[in-house]
Amino acid sequence: MHLESIRLSNFKNYASANLEFSRDINCFLGKNGSGKTNLLDAVFYLSFTKSAFQTQDAQCVLHNEQFFSIKGSFNLDEKERVVLCGLQTGKKKLVKLDDKPYKKASEHIGKFPIVLIAPNDTDVIRGTSEDRRKFFDAIISQVDTPYLQNLIQYNHALKQRNSLLKQFAERDYFDKDLLEPFDEKLITLGNEIYKIRKAFLSSFQDMVKSHYQNLSEGSEDIDLLYESHFAEDVRARFAENQKKDLILKRTNVGIHKDDFPFLMGGLPIRKFGSQGQQKSYLISLKLANFDYLLDKKEVKPLLLLDDIFDKLDDLRIAKLIEMVASDKFGQIFVTDARPERTRSMFEKIDQDVRMFHIEDNVLKTME
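Residues numbered from 1 in each chain as written. Predicted model: local features only at pLDDT ≥ 70, side-chain atom pairs only at ≥ 80, totals over all residues. Heavy atoms only, no water.

A. Main features of the layout of surface pockets. There is about 1,500 Å³ of room inside the largest pocket. Lining the largest pocket are 42 residues; nearest its centre among them are Lys-50, Lys-134, Phe-135, Asp-137 and Ala-138. Top contributing element to the lining of the largest pocket by residue count: helix α3 (residues 129-141), with nine residues. (1 Å grid on protein atoms, 1.4 Å probe; cavity = no way out; pocket = protein on both sides within 12 Å on 5 of 7 lines; lining within 4 Å. Points joined across faces, edges and corners; volume = space filled by probe spheres on them. Helix = DSSP H or I, 4+ residues; strand = E, 2+ residues; numbered from the N terminus.)

Here it is, written out as structure tokens:
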């Protein structure tokens, strides 16, 4: 699978752009703030039907405009597949595949797998348990549609239960019979989600460790764990925490409290790891993400690398370029604020490398 071309209209800082890509490596080069990451985000949007960097679709519309659109032409199994994503102010987002609109954008997830490695991904390492859950949910959802639907239903039931807890507090009363159906739904859906997360982690752990050992040449020992209320008697935990839920007006037990501790030498890497070690751990997570999608989808995901060379020492950069130069990956998109660094890294690679230079919102293709 590869992305042959993309056409943008009023997307972020691009009023109009039309790019044709190499099947191998594509580099977006330019100063910080020039818009190179926005091009990467447009590619990401075609897969996930949302931005990797903005929480609201409206934030992707060019200033003073009323709509944006992204049209991408993929080659999948030697067949052309056209994806169109668009938004007009005040209207519902539109997502089409081969000119056929989806009823729900979530139906598109997983059809064109993508792995993005970006600077703000360090939130996965240094952030909250919610950041880590979102990271793993995004991976699993690309290969398991029932998992995604269970997750959507769970979050809806959780929102309803929390709303009911707030009503109890505001009206100073409690009705156990009203609460129980939501408890039951969260337990039932949570059990399904827990089983899939647990099975996923059992194989994913080894992939992460293997990539980290390669990047660091075996100099550091890492681990990845999974903690969940569903590993014990979750129904009893719901009952025990009922009073606490009423006081805090939110649900304190459930799959939405799961965490995935990242360890180095048995200690949390977010506290005791250097910036280089944290970034190496993140890259290992993302490369394992690639391996997992390749195994399940039997197609190489697009690999998006956004300014990943900063904070890596020469050894780790060399290892990463060695992997990129191999036939392990399919199509790759890279951004870098230092064009000379990118050219020197890729000039000896025996692959088709296409470079796009962005300056003052103008795109130029470089030899």
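B. Layout of the pattern of salt bridges. All chains considered together, the criterion is met by 18 salt bridges. Put simply, Lys-12 and Asp-41 hold a salt bridge, and the shortest N to O gap is 2.5 Å. Taken together, the residues Lys-12 in the loop between β1 (2-11) and β2 (14-20) and Asp-41 in helix α1 (residues 36-48) connect sequence positions 29 residues apart. On the accessibility criterion, Lys-12 (12% relative accessible area) is buried. The exposure class of Asp-41 is buried, given its relative accessible area of 0%. (Salt bridge = Lys/Arg side-chain N within 4 Å of Asp/Glu carboxyl O. Buried < 20%, exposed > 50% of the residue type's maximum accessible area, 1.4 Å probe, protein only.)

C. Seen up close, the packing of aromatic side chains. The tally for this structure, following the rule as stated, stands at 25 aromatic pairs. Seen in terms of ring centroids, Tyr-194 and Phe-230 are 6.3 Å apart; in terms of plane orientation they differ by 25°. Their pairing is stacked. Taken together, the positions of Tyr-194 in helix α5 (residues 176-216) and Phe-230 in the loop between β9 (222-224) and α6 (234-240) put the pair 36 residues apart, joining distant regions of the chain. Take Tyr-194: its relative accessible area is 12%, and that puts it in the buried class. Plain terms: the ring middles of Tyr-212 and Tyr-281 are 6.2 Å apart, the flat faces sit at 55° to each other, and that makes the pair tilted. Residue Tyr-212 is found in helix α5, and its partner Tyr-281 is found in helix α9 (residues 275-297); the two are separated by 69 residues along the sequence. Across the pair, Tyr-281 and Tyr-212 agree in class, each one buried. (Phe/Tyr/Trp six-rings, centres within 6.5 Å; stacked < 30°, edge-to-face > 60°.)

D. View of the nonpolar core. Ile-6, Leu-8, Phe-28, Ile-70, Leu-302, Leu-304 and Phe-333 are the most contacted members of the largest nonpolar core, which totals 42 residues. The element contributing the most residues to this core is α1, with eight residues. Phe-135, Leu-151, Leu-186 and Phe-204 belong to the second largest nonpolar core, which has 39 residues in total. (Core = buried A, V, L, I, M, F, W, Y, C linked by side-chain atoms within 4.5 Å.)

E. The arrangement of the environment of Gly-266 in detail. Inspection of the secondary structure puts Gly-266 in the loop between β10 (262-264) and β11 (267-268). The class for Gly-266 is exposed, based on a relative accessible area of 56%. With 44 residues separating them in the primary sequence, Gly-266 and Ile-222 have C-alpha atoms 7.4 Å apart.

F. Local environment of the sheet that holds strand β6 (residues 94-97). The sheet built from six strands is open, its strands ordered β2-β1-β4-β5-β6-β7 with antiparallel pairing. What marks the edges here is a single partner per strand, and that holds for β2 and β7 (100-101). In terms of strand pairing, β6 meets β7 through two bridges, oriented antiparallel. By the bridge assignment, Leu-97 is partnered in β7 with Lys-100. Against the sheet, α1 contacts β1, β2, β4 (67-76) and β5 (79-88), and its axis sits at roughly 115° relative to β1. (Pairing = 2+ DSSP bridges. Contact = heavy atoms within 4.5 Å. Axes fitted to C-alpha atoms, helices over the stretch in contact; angles between N-to-C directions.)

G. Structural context of the environment of Asp-183. If you trace the backbone, Asp-183 turns up in helix α5. The class for Asp-183 is buried, based on a relative accessible area of 11%. Sequence-distant contacts of Asp-183, that is, excluding residues within four places in its chain, are made with Arg-161 and Phe-238. A distance of 2.6 Å separates a polar atom in the side chain of Asp-183 from a polar atom in the side chain of Arg-161. (Polar contact = N/O pair within 3.5 Å; in protein donor to acceptor, adjacent residues only side chain to side chain.)

H. Spatial organisation of the pairing of strand β13 (residues 332-336). Among the five residues in β13, five count as buried, and that is most of the element. Alternating residues of β13 divide into Ile-332, Val-334 and Asp-336 and Phe-333 and Thr-335, and every residue in both groups is buried. Two strands pair when backbone bridges link them, and strand β3 (residues 25-29) and β13 are joined in this way by five bridges, in the parallel orientation. When the sheet's bridge partners are listed, Leu-29 is paired in β13 with Asp-336.

I. Spotlight on unusual backbone geometry. Even without being glycine, Lys-12 reaches a positive phi, approximately 55°. Phi at Asp-99 is positive, roughly 70°, even though this residue is not glycine. Position of Asp-99 among the secondary structure elements: in the loop between β6 and β7.

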